[in-house]
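Read off the chains here:
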Amino acid sequence: MRKEKLDIVLVNPPTRMQSRNMPYALLSLAAYLRAKGKSCKIIDVKPGHVSGLDTANIEEYVVDSILEADTGIVGLTCLTAEYCVVYGMAEMLRRKGYKGLIVAGGHHPTFCPEDFLVPEGVFDFVIMGEGELTLHQLMEVVGHGLGRAREIDGVAFCKDGKLNRTAPRELMRDLDFLASVPYDLLDMSYRLQPRTDLINNILLSGVGILTTRGCPFRCVFCGNNTIWSNSGPGKRLRTRKIVDVVREVVFLKKNYDIDAFCIDDDMFTLNEQRVGEFCDQLKATGLNLIWYCQSHVNTFTESMAKKMKEAGCVQISFGVESGSDRILMEIKKGTKVENIIRAFRICDKYKIRSLANFMLNTPTEEKIDLDATLALADEIKATKYVFAVTVPLLGTELYDKYVYPRLTKEEYAICGERITYQDIADPRFRLTKHNINMAWLFIWVRLRYMIAREFFDSIIWFLGHLDFYRKSSRYEAYKREVLFVFPNKLCSIIRSTAKRIMIKTGLFRGSNR
């Protein structure tokens, strides 16, 4: 039987195999290309596809899946930590005889197109910044040579041994093409398994959605800020029509029977009128779903909280980062401690769960700043706390200012290691003025603020909302998770913390990082 020829194959790297997060960039590209009449496929390998294979064989499985699809263009997305894997798969594609175009996009190609475009290299193009318009235009000129590519904004390519970059791509003016998100291109069964990381510590089946793109804030630790700042003209924050967003939620309930969803926008609560419109339309559907979103303490109001609570919002995440006003200014957070305290008090008043994200190892931090951060953590009484060691990732202001010498390609993988966010994994990553042992500090805050909540909060929520779970078509699956997965999770938490302690005390023969 002859295979259907595809215009393009988009690849979610196998480094994300265990993740249940939605590949928003690939979904957006596919939605736009479909709207333009292009046929596409997303290769989104998940554990059930490659049972028993080791890492190298999984990468080869992905490459073979690309070759099985009859296409002239392959698009590979890539974060910095994934560079060696993604480049290695492109090399394998060429070794196995692939003659079509290989295009890289995403954060790392945007920041460092030169890593992909080398003389006699395996990549043909890099798409920098937002990719929908650029990729579509590139597909339209395929076969007409590099000369036509020079006419397309947001592209980089190598010619005569030199890197060529076109003008920055103008930011998209509207997101109407996302009215039809191509969920059929993903393995939704894996993503819909009950889990506790859709809405932190609550066992739920559901998915994430986006209602906006971009962010008006300019935090020095965020790579998205660099992407929006270095793009061509256009508004940094764009919004989808609320009617389209609510239709998407209804579609997900009807077709995938979700019990919950999370809004993964960088900035959902910027416009109070828009938030109110969303809540009103969601309530009118009568779906009675529960949901979660991220917010900025400056934009969160009491009237907004009331509306969100009535519409089913059960948790809000805030980037607190620090309890020191000086540090908040240093990292360009755009807020003050008093606003943080106010936001958490509002959540407490309306019985909305709150998640507080804190950063250790902030730039120029002194012990007095750290003490202020821990004091604030005690004062706000969040439902859940997340502490992480700040890492100056490539593409951020922090990286440009502090990391010398620059990371080599062989060192990029360190950015994806869990330990990197629990200790100073490399001396170049030390940002503080104090010399407090970061590994011991992380262990202490984990014991003080995180471990008990990571386990017991899940159990308490489940027992307190049995009626909600009994109404779900996945009730039996939820019960199995409670009986078997939760105890394993507790053991894993204890084991990983004990291992870190033993490493630091020399009782465990492992890495000292």
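What you are looking at is a predicted structure, and each value in this text was computed from that prediction instead of being measured.

Let us now look at the environment of Ile327. The topology assignment puts Ile327 in helix 12 (residues 325-330). Ile327 sits 57 residues away from Leu270 along the chain, and the two C-alpha atoms are 23 Å apart. With near-sequence residues (within four places) excluded, Ile327 lies in contact with Ser322, Thr362, Pro363, Thr364, Glu365 and Asp369.

Within the structure shown, the criterion is met by 25 aromatic pairs. Where Tyr183 meets Phe251, the ring centres are 6.3 Å apart and the plane angle is 20°; that geometry is what we call stacked. With Tyr183 in the loop between strand 7 (162-165) and helix 7 (188-191) and Phe251 in helix 9 (residues 242-256), this pair connects stretches of sequence that are 68 residues apart. Ring geometry for Tyr385 and Tyr449: centres 5.1 Å apart, planes at 45°, overall tilted. One end of the pair, Tyr385, is in strand 17 (residues 384-389); the other, Tyr449, is in helix 16 (residues 438-464), and 64 residues separate them in sequence. Each member of the pair Tyr385 and Tyr449 is classed as buried. Of the aromatic side chains, those joined through ring pairs into one cluster are Tyr83, Tyr87, Phe116, Phe123 and Tyr412. Looking at Arg20, its charged tip hangs above the ring of Tyr190, at a distance of 4.5 Å from the centre. Positioned above the aromatic ring of Tyr404, the side-chain terminus of Arg406 is 4.1 Å from the ring centre.

Among the secondary structure elements, Ala388 is positioned in strand 17. In the structure, Ala388 is positioned 29 residues away from Met359 in sequence and 5.4 Å away in space, judged by C-alpha atoms. With residues up to four places along the chain from it excluded, the contact list for Ala388 reads Phe358, Met359, Leu360 and Tyr421.

This next bit is on helix 11 (residues 302-310). Regarding helix 11, the residues found buried are Met304, Ala305 and Met308. Relative to the axis of helix 11, the buried residues are bounded by an arc of 100° and lie together on one face. Buried residues in helix 11 make contact with helix 10 (272-285), strand 14 (290-295), strand 15 (313-321) and helix 13 (337-349). Positive phi appears at Gly312, one or two residues downstream of helix 11, with a value of about 105°.

Summarising the element assignment, Asp187 is placed in the loop between strand 7 and helix 7. Despite being buried, Asp187 has no salt bridge partner; Arg191 is the closest side chain of opposite charge, sitting 6.1 Å away. Reaching out from Asp187, the side chain makes a polar contact with the backbone nitrogen of Tyr190 at a distance of 3.2 Å. Apart from the residues within four sequence positions on either side, Asp187 is in contact with Asp44, Lys46 and His49.

Moving on: the pairing of strand 7. With four bridges connecting them, strand 6 (residues 155-159) and strand 7 associate as antiparallel partners. Bridged to Ala156 within strand 7 is Arg165. Between strand 6 and strand 7, which pair antiparallel one after the other, the connecting turn spans two residues, and Asp160 there sits at a positive phi close to 55°.

It is worth spelling out the state of the cysteines at this point. Between two cysteines, a covalent bond joining their sulfur atoms is known as a disulfide. Considering all chains together, one arrives at zero disulfides under this definition. Lacking any disulfide linkage, Cys84 is separated from the closest cysteine sulfur, that of Cys78, by 9.0 Å.

Rules used in this analysis
Residues numbered from 1 in each chain as written. Predicted model: local features only at pLDDT ≥ 70, side-chain atom pairs only at ≥ 80, totals over all residues. Heavy atoms only, no water. Helix = DSSP H or I, 4+ residues; strand = E, 2+ residues; numbered from the N terminus. Contact = heavy atoms within 4.5 Å. Phe/Tyr/Trp six-rings, centres within 6.5 Å; stacked < 30°, edge-to-face > 60°. Buried < 20%, exposed > 50% of the residue type's maximum accessible area, 1.4 Å probe, protein only. Lys NZ or Arg CZ within 6 Å of the ring centre and 35° of its normal. Arc of directions from axis to C-beta. Lys, Arg positive; Asp, Glu negative; His and termini not counted. Salt bridge = Lys/Arg side-chain N within 4 Å of Asp/Glu carboxyl O. Polar contact = N/O pair within 3.5 Å; in protein donor to acceptor, adjacent residues only side chain to side chain. Pairing = 2+ DSSP bridges. Disulfide = S-S within 2.5 Å.

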